[in-house]
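Chain residues, written in single-letter form:
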Amino acid sequence: MSTKKDKLKATILNGDSISSQLCELIRVNANDRADAELILKLREQHAGNFLKKGAETLVQQVNYLESYQKRFLAGEEIYYKIFDKKKGSVEGVFRLTQLNSPENLNWESLVVSKVCTPMVPIDVMMAVYDICFRIFDATKCGPWEVKVAHKNMMEIHDFCKMYKIEKQTEESYWISVTKSDYQTQIPRFKKLGLGLVLDNLD
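Before going into details, it helps to say that this report is about the structure given with it. Bear in mind the structure is a predicted one, so any value in this text is a computation, not a measurement. (Residues numbered from 1 in each chain as written. Predicted model: local features only at pLDDT ≥ 70, side-chain atom pairs only at ≥ 80, totals over all residues. Heavy atoms only, no water.)

**Some words on the nonpolar core**
And step 1. Judged by nonpolar contacts, the single largest core of 58 residues is most densely connected at Phe94, Trp107, Met126 and Tyr129.
And step 2. When residues of this core are assigned to their parent elements, the largest contribution, twelve residues, is made by helix H4 (residues 120–135).
And step 3. The residues contacting Phe94, other than those within four sequence positions of it, are Leu25, Ile78, Tyr79, Tyr80, Ile82, Trp107, Glu108, Ser109, Leu110, Val124 and Val128. (Core = buried A, V, L, I, M, F, W, Y, C linked by side-chain atoms within 4.5 Å. Buried < 20%, exposed > 50% of the residue type's maximum accessible area, 1.4 Å probe, protein only. Helix = DSSP H or I, 4+ residues; strand = E, 2+ residues; numbered from the N terminus. Contact = heavy atoms within 4.5 Å.)

**Topic: the pattern of salt bridges**
And step 1. The full count for this structure, using the stated rule, is eleven salt bridges.
And step 2. Residue Glu108 is joined to Arg95 by a salt bridge in which the shortest nitrogen-to-oxygen separation is 3.0 Å. Placement of Glu108 in strand E5 (residues 104–112) and of Arg95 in strand E4 (residues 89–97) is noted, with a sequence separation of 13 residues between them.
And step 3. Among the salt bridges present, the one from Lys190 reaches Asp130, with a minimum N-O distance of 2.6 Å. Residue Lys190 is found in helix H6 (residues 179–191), and its partner Asp130 is found in helix H4; the two are separated by 60 residues along the sequence.
And step 4. Owing to a relative accessible area of 0%, Asp130 belongs among the buried residues under this scheme.
And step 5. One salt-bridge network, in which partners are shared between bridges, spans Arg71, Glu77, Arg95 and Glu108. (Salt bridge = Lys/Arg side-chain N within 4 Å of Asp/Glu carboxyl O.)

**Thoughts on the sheet that holds strand E3 (residues 78–84)**
And step 1. Pairing within the open sheet is mixed, and its eight strands lie in the order E1-E2-E3-E4-E5-E6-E8-E7. Bordering the open sheet on either side are strand E1 (18–19) and strand E7 (163–168), each of which pairs with just one other strand.
And step 2. Looking at chain direction, E7 and strand E8 (residues 172–178) are connected through five bridges and run antiparallel. Across the sheet, residue Tyr163 finds its bridge partner in E8, namely Val177.
And step 3. Sheet strands touched by helix H3 (residues 58–73): strand E2 (23–27), E3 and E4. Its angle to E3, the strand with the most contacts, is close to 110°.
And step 4. Most of the contacts of helix H5 (residues 151–160) go to strand E6 (residues 140–147), to which it runs at about 145°, and overall it touches E5, E6, E7 and E8. (Pairing = 2+ DSSP bridges. Axes fitted to C-alpha atoms, helices over the stretch in contact; angles between N-to-C directions.)

**Re the pairing of E6**
And step 1. Where E5 lies against E6, two bridges are found, and the strand directions are parallel. Paired with Asn104 across the bridge in E6 is Lys140.
And step 2. At this point the chain moves from E5, through H4, to the parallel E6, and the crossover so formed is right-handed.
And step 3. Taken together, the six bridges between E6 and E8 define a ladder with antiparallel strand orientation. When the bridges of E8 are listed, Lys140 appears paired with Thr178. (Right-handed = clockwise from strand over helix to strand, strands pointing away.)

Below, the structure written as structure tokens:
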């Protein structure tokens, strides 16, 4: 008999939409030119601002989504749009990755608009950790790269008090979150009403 956790995992792997407290996470349609334009526009808002170099033209973004679709169909990753419930519009994107490595999921490429609801990035972060640790039972999320110069993002991680630095260079940190650190800190974020609604999941 399928449990609630099994059904949620299937929902995620099927690419169905899921809700956090502040957002609706909606899978990017790799065949929709409008989604390619949206991603390009969001990334252009932060050009030269700590993002890895990506597609610079619409054609390149469309080609990237074609390659992403193969990874989605292989069960490796999902590219999400972030629908900001308060704004009533899509105000960001991110990728949930390493889904075929259930003990060690990851996430990358978070970009939000400059007008998104201020707590949306933290809400999305908590939703990702909920997926990793409560639905997929991963032991670790990460590591992912954060530029040393990206002080705002590191301030968010400092506020959350969950991360560890696995590796550091002059330009970048590679950080991760363990299930035990998530379990220690997540109650205060649930009190703030952040992350997925997962009562009575276990």
